[in-house]
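Given next are the chains, with one letter for each unit.
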Amino acid sequence: LRKKSEIGKTSISKRQVVSIQKIREVRDFLRDFFDEMEATVYASYFDNKDYGWRSILDAEAFLRHFLIGELSGNTDTYWSVYQYKKRGEKKAYTGPVWDFDIAFGNTIENGCESPEGFWIKNVLWFDRLFQDPNFVKDVKNITDFFQIKVYLWKKSKMNFWKFVINTVTKEQLI
């Protein structure tokens, strides 16, 4: 039962009661922050190390998120993503990764049934970030990126001949 003084407030945890107004302020702050982040990604100075996307988005977390999406062939990598901002910090973070229901060839969307090429690179922010030579360099610095991708793909295909999920033969998968 709530006290009369708590009417119009929403409980966030057992220890903290926050007013609807405070929730709106936080919502507006985050909306404005993420609008600014997107504007920075598409700005003419987006690849500037001091004022560009790296100043407002944690590059390491974003790169990890991108690579996991590419390695798994997860077309949901961009659309189904968590991003958050830590209180008192300027940058936003990407992750944790999740939503792998259509990863590892479990869809025929966008050519994801094949381990070759990029799946996510040409989508919105990823496409823009690949215009930054330093982002491209960071991606290239990942040792044997494509070899790892093909290896994981082949291993995931083994599931079909270890466990008869479909009527596909081992020869059709290799």
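The structure presented is a predicted model; accordingly, all values stated were derived computationally and were not measured.

Turning our eyes to something else, we now look at the pattern of salt bridges. Applying the stated criterion across every chain yields a total of seven salt bridges. For the salt bridge of Arg 27 with Asp 28, the shortest nitrogen-to-oxygen distance reads 3.1 Å. A salt bridge links Arg 31 to Asp 28; the shortest N-O distance between them is 3.2 Å. Taken as a pair, Arg 31 and Asp 28 lie in helix α1 (residues 20–41) at a separation of three residues, close to a single helical turn.

It is worth spelling out helix α2 (residues 59–72) at this point. The end-to-end C-alpha distance of α2, which contains 14 residues, comes to 20 Å, matching closely the 20 Å that a straight helix rising 1.5 Å per residue would cover. Of all the 14 residues making up α2, 11 are buried; the element is thus mostly covered by neighbouring parts of the structure. Within the sequence span of α2, burial applies to Ala 59, Ala 61, Phe 62, Leu 63, His 65, Phe 66, Leu 67, Gly 69, Glu 70, Leu 71 and Ser 72.

All right, on to the environment of His 65 then. Along the chain, the position of His 65 falls in helix α2. Linking His 65 and Thr 77, residues 12 residues apart in sequence, is a C-alpha distance of 7.6 Å. Non-local contacts of His 65, meaning those with residues more than four positions away in its chain, are made with Thr 77, Val 81, Thr 94, Gly 95 and Val 97.

This brings us to the packing of aromatic side chains. Inspection of the entire model under this criterion finds 12 aromatic pairs. Here the aromatic rings of Tyr 82 and Trp 98 are separated by 5.3 Å at their centres, their planes lie at 35°, and the arrangement is tilted. Here Tyr 82 is found in the loop between α2 and β3 (83–85), whereas its partner Trp 98 is found in the loop between β4 (92–94) and α3 (124–129), with 16 residues between them in sequence. Since its relative accessible area comes to 44%, Tyr 82 is described here as partly exposed. Between Tyr 84 and Tyr 93 the ring centres are 5.5 Å apart and the planes differ by 20°, which places this aromatic pair in the stacked class. Judged by its relative accessible area of 37%, Tyr 84 is partly exposed.

What counts as what
- Residues numbered from 1 in each chain as written.
- Predicted model: local features only at pLDDT ≥ 70, side-chain atom pairs only at ≥ 80, totals over all residues.
- Heavy atoms only, no water.
- Salt bridge = Lys/Arg side-chain N within 4 Å of Asp/Glu carboxyl O.
- Helix = DSSP H or I, 4+ residues; strand = E, 2+ residues; numbered from the N terminus.
- Expected span 1.5 Å × (residues − 1).
- Buried < 20%, exposed > 50% of the residue type's maximum accessible area, 1.4 Å probe, protein only.
- Contact = heavy atoms within 4.5 Å.
- Phe/Tyr/Trp six-rings, centres within 6.5 Å; stacked < 30°, edge-to-face > 60°.

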